[in-house]
Each structure stands twice: as structure tokens, then as C-alpha cells.
Amino acid sequence: MNLNEYQAKRLFGKFGVPVPEGDVATTPEEARKIAERIGGTVVVKAQVLTGGRGKAGGVKLAHSPEEAEARASEILGMDIKGLTVHKVLIDPGADIAKEIYLAVLVDRAARQPMIMASAEGGVDIEAVAEETPEKIIKVHINPVVGLKRYHSIEVASRMGLDASMWGKFHTVLAGLYDCFIGTDAMLTEINPLIITGSDEFEAIDGKMTLDDNALDRHPDLAAMRDPGERTANEERAAEAGINYIQLDGNIGCMVNGAGLAMTSMDVINYFGGEPANFLDIGGGAKAEAVTAALNIILGDDNVQAVLINIFGGITRCDEVARGILEALDNIDTDVPFVVRLEGTNAAEGRAILEEANMPTAVTLSDAAEKAVAAAKEYAASA
Ligand code: GDP
Ligand code: MN
């Protein structure tokens, strides 16, 4: 789960990272009132869960409350990378002498938290990482030992910060690290962390990714979820306990097992099709789960064929076949289906489906090819 900038910065602030004292508005009038209260120049910032807002025109300076209202009315409702802006953050305008990149993230390969930092932070950090990777500093933290002052000094000195700034830098980094650990985050990122004209640090942008598997320990953080983050279908899937990610293609997939689901998507690609989703229905596939999954898949208007790929282990294919037919009794659709059953009782399962005139397949490539063809035919007839 990702947090918006204003949420991330509020959390950073609680852990001792210096952040601007801004506030969030959902209307231009609210934006004006906040700007009045702050006084002077403010920055109006789109709150959507994507990067590159500055380059997309979602970060604008305003020199008066009236101007803040005008900028807010331009930014509210704006579309940034497919997401609609419903909220703007009004922060005091920053006095930027230098922009630094600073993050703590999980390095899965090293099985440790890692600090990532660069003296060349700001909106072009991706280009810095791509073209001059030596300018990105990486330092691992043994989580048992935790972050020590020598870690901060290593990062600060390698970035070329003046030694007079190292103490303040440690406060920022220690706060960011404590926030990372304390919220069970996967990523806490500040870009840019600025040094002001009076040599103070301030986090003027913030990004956080929380570990979904740890949210049960943080009901207060779970409640911060941005409803704009998940599509309506993803929301329904989460409620049904199904692993589902909506994609852009037209072939709906229902598969048992995450690895098999990934493979099915690859094979659909191989035959020239595009999967509409990733869906792992998990172990077993009782009618109830199949019904929920199919309703979610068919709730996506782009779906023009459904590929069901089940590998029976403990799950028996005949049971799955009955589950599919039972589910389809309750679903009204003319979208074509192709079912591939393999493993325990596969022949019995296929016989049940064939009796009901449901197209079946033995191999995954056969099933994927049939699904791609069925989608084309469906599209042509629609
Ligand atoms: P992002 O584009 O989504 O990463 O949004 P940021 O919050 O990082 O803003 C992008 C850029 O806008 C920053 O790198 C700064 O250069 C600039 N910026 C952000 N806030 C201010 C501000 O208060 N004053 C000034 N002058 N520039 C700002
Ligand atoms: Mn940024």
C-alpha cells in the first residue's frame, strides 16, 4: 500500500524528520484559506499516487492566497498518469539551496534494509541512476544493529556534505530509518530532501510503501488507504480474499497458484494476446470462490475471453469442473470460456465440462491459443 505525499510527510514529522507545516485541501477555497494562514509564497501540490507530478504540471508556486486558489482549481481534477487529482497539499514555499535524494528500502537480495542517497536529488533522479549510477550511494543496515551515527556519516561524507551538516543529517536519516522500521514500510523516500539557504534540512516531498502483510499491526496506517489506489474490481477481490491485479489486456485469467498464473500470462502473450488480469484463486476452487473470481474478471469491461487454468494436486479437477458450471449458473455472460484442467482427476473434469459444451484443453499452449482466438472472434462479433 502506497501513501500520499502529505501522509508520508506527516509520518516523517512524527519520527523527527523536519517537514513543512502544510495542509490538504479538496477545494480551491480551502486552498486559499490554508495559503492565507501560511502567508507568503506557497506551493500547491497534486496528491496522487504517482511520481513525476512536477513534470506533469501538478506542482505550482503561488505568491498570494488568490493565486493559490487559482492554481488549486487548475490542479484539482487534473489527470496525472491516469489518476484524477482529488486533493492538493498547500505547503510553505521552500528556500532551496540544494536537492538531495534519500531513501530507506528493503533490499530483498541482501535481506536487509538499505539506505540509498544521492547529492543529485530532484526530479531527474531516474536519469542520474541510469546515466551516472556511481552517484547513487548504497549502504546496508543490519536490522539487529540498527542505524548508527557512523552510517549517517558514511552517507553524508560520500555525498560531499560539509562536516558541519553531518549532525543534522543524522537526525534526518535516523528519523527516516525509525519511520521505516516503526511502520513496517518497504520504502520511505524523500526526494528532494532540501538544504535551505540557512543550512537546514527539510523533506519537501515524501513517498512511502507499506508492507500489506503488516497492516494488521497498524490499523491507523491501514485506515490511510487512498481509495483511488485500487480499482473497484481490485477492491472487490481484496474483500473476497483473492489475489487479483487488473491489467490492460482483454483475456481474463483464473488460475490456481501465483507461479502458474504468471506462466499463463506469458503463454497468452506468446500467442499474441494480452492478459486482462493476474488472478490467483489459491488452493482448492469451490463454486463459491470460482463465482467470486469470475464476477471480478467479468466486471472488467475489457474482457473478451476467459482462460481458466487449473492444475489439480490436492484440488480435484472434477470438483473444479462442477464448481465452474455451478458458478456459471449464477452469472449472465456471453463471453467465451476456455478451460484447461490438468492433474488429479483431469479426465473426469474435462468430461463434465464437455458434456456442458464448455471448450476444454489439455495443454496450456492449446488453451492460450484457443482463448486468444476466442477473444478475436468475440471482438469481431460485438
Ligand atoms: P514530484 O515531481 O512528484 O517528485 O514532486 P516534488 O514534490 O518532488 O516536486 C518537484 C520539484 O518541484 C522539486 O524537485 C522542487 O525542485 C520543486 N519544488 C517543490 N516544492 C517547491 C517549493 O516549495 N519551492 C520551490 N521553489 N520549488 C519547489
Ligand atoms: Mn519528488
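Predicted model only: the values in this text are computed from it and were never measured.

Participant: Got a sec to walk through the packing of aromatic side chains? Specific residues and values, please.
Facilitator: Per the counting criterion, the structure on display carries three aromatic pairs. Judged by centre distance (5.8 Å) and plane angle (55°), the rings of F169 and F201 are tilted. Highlighted residues: F169 in helix α6 (residues 166-182) and F201 in strand β12 (residues 201-203), separated in sequence by 32 residues. For F169, a relative accessible area of 0% corresponds to the buried category. F201 gets classed as buried once you look at its relative accessible area, which sits at 5%. Between the aromatic rings of Y270 and F271, the centroid separation amounts to 5.1 Å while the plane-to-plane angle is 90°, which identifies the pairing as edge-to-face. On the basis of relative accessible area, Y270 is assigned to the exposed category, the value being 67%.

Participant: For the coordination of the manganese ion (ligand 2), give the residues involved together with the corresponding values.
Facilitator: Donor atoms from the polypeptide that bind the manganese ion (ligand 2) are N191 (O) and D205 (OD), placed at 2.1 to 2.2 Å. With N191 in strand β11 (residues 185-196) and D205 in the loop between β12 and β13 (207-210), this pair connects stretches of sequence that are 14 residues apart. Take N191 and D205: they sit in the same class, and that class is buried.

Participant: Mind laying out helix α3 (residues 65-75), listing which residues take part and the relevant values?
Facilitator: Along α3, the residues classified as buried are P65, A68, R71, A72 and I75. Along the axis of α3, the buried residues cluster in a sector spanning 120°; they form a single face. Looking at the packing, one finds that the buried side of α3 touches α2 (28-38), β3 (42-46), β4 (59-62) and β7 (88-92). Just downstream of α3, G77 is the residue with a positive phi angle, here 90°.

Participant: If you had to explain the domain arrangement of the protein to someone new, which residues and values would you point to?
Facilitator: When its domains are assigned, the protein resolves into domain 1 (21-92), domain 2 (96-222) and domain 3 (231-376). Taking only C-alpha atoms into account, the centre of domain 1 sits 25 Å from that of domain 2.

Participant: So what about the site of ligand 1? Which residues, and what values?
Facilitator: Lining the immediate environment of ligand 1, one finds 16 residues, of which K45, R53, G54, A94 and E99 sit closest. Between ligand 1 and R53, the relevant distance is 2.7 Å, taken from an oxygen atom to a side-chain nitrogen or oxygen of the residue. E99 places a side-chain nitrogen or oxygen 2.6 Å from an oxygen atom of ligand 1. Relative to its unbound accessible surface of 560 Å², ligand 1 loses 81% to contact with the protein. Contributions of two or more residues to the shell around ligand 1 are made by β3, β4, β8 (96-107) and β11. Taken together, the residues that form the shell around ligand 1 break down as eight nonpolar, four polar and four charged.

About the criteria used
Residues numbered from 1 in each chain as written. Chains lettered and ligands numbered in written order. Predicted model: local features only at pLDDT ≥ 70, side-chain atom pairs only at ≥ 80, totals over all residues. Heavy atoms only, no water. Phe/Tyr/Trp six-rings, centres within 6.5 Å; stacked < 30°, edge-to-face > 60°. Helix = DSSP H or I, 4+ residues; strand = E, 2+ residues; numbered from the N terminus. Buried < 20%, exposed > 50% of the residue type's maximum accessible area, 1.4 Å probe, protein only. Donors = N, O, S within 2.8 Å, 3.2 Å for Na, K, Ca; no water. Arc of directions from axis to C-beta. Contact = heavy atoms within 4.5 Å. Domains from an automatic or database assignment. Near = heavy atom within 4 Å. Polar contact = N/O pair within 3.5 Å; in protein donor to acceptor, adjacent residues only side chain to side chain. Areas by Shrake-Rupley, 256 points an atom, 1.4 Å probe, with all protein chains shown as cover. Nonpolar A, V, L, I, M, F, W, Y, C, P; charged D, E, K, R; others polar.

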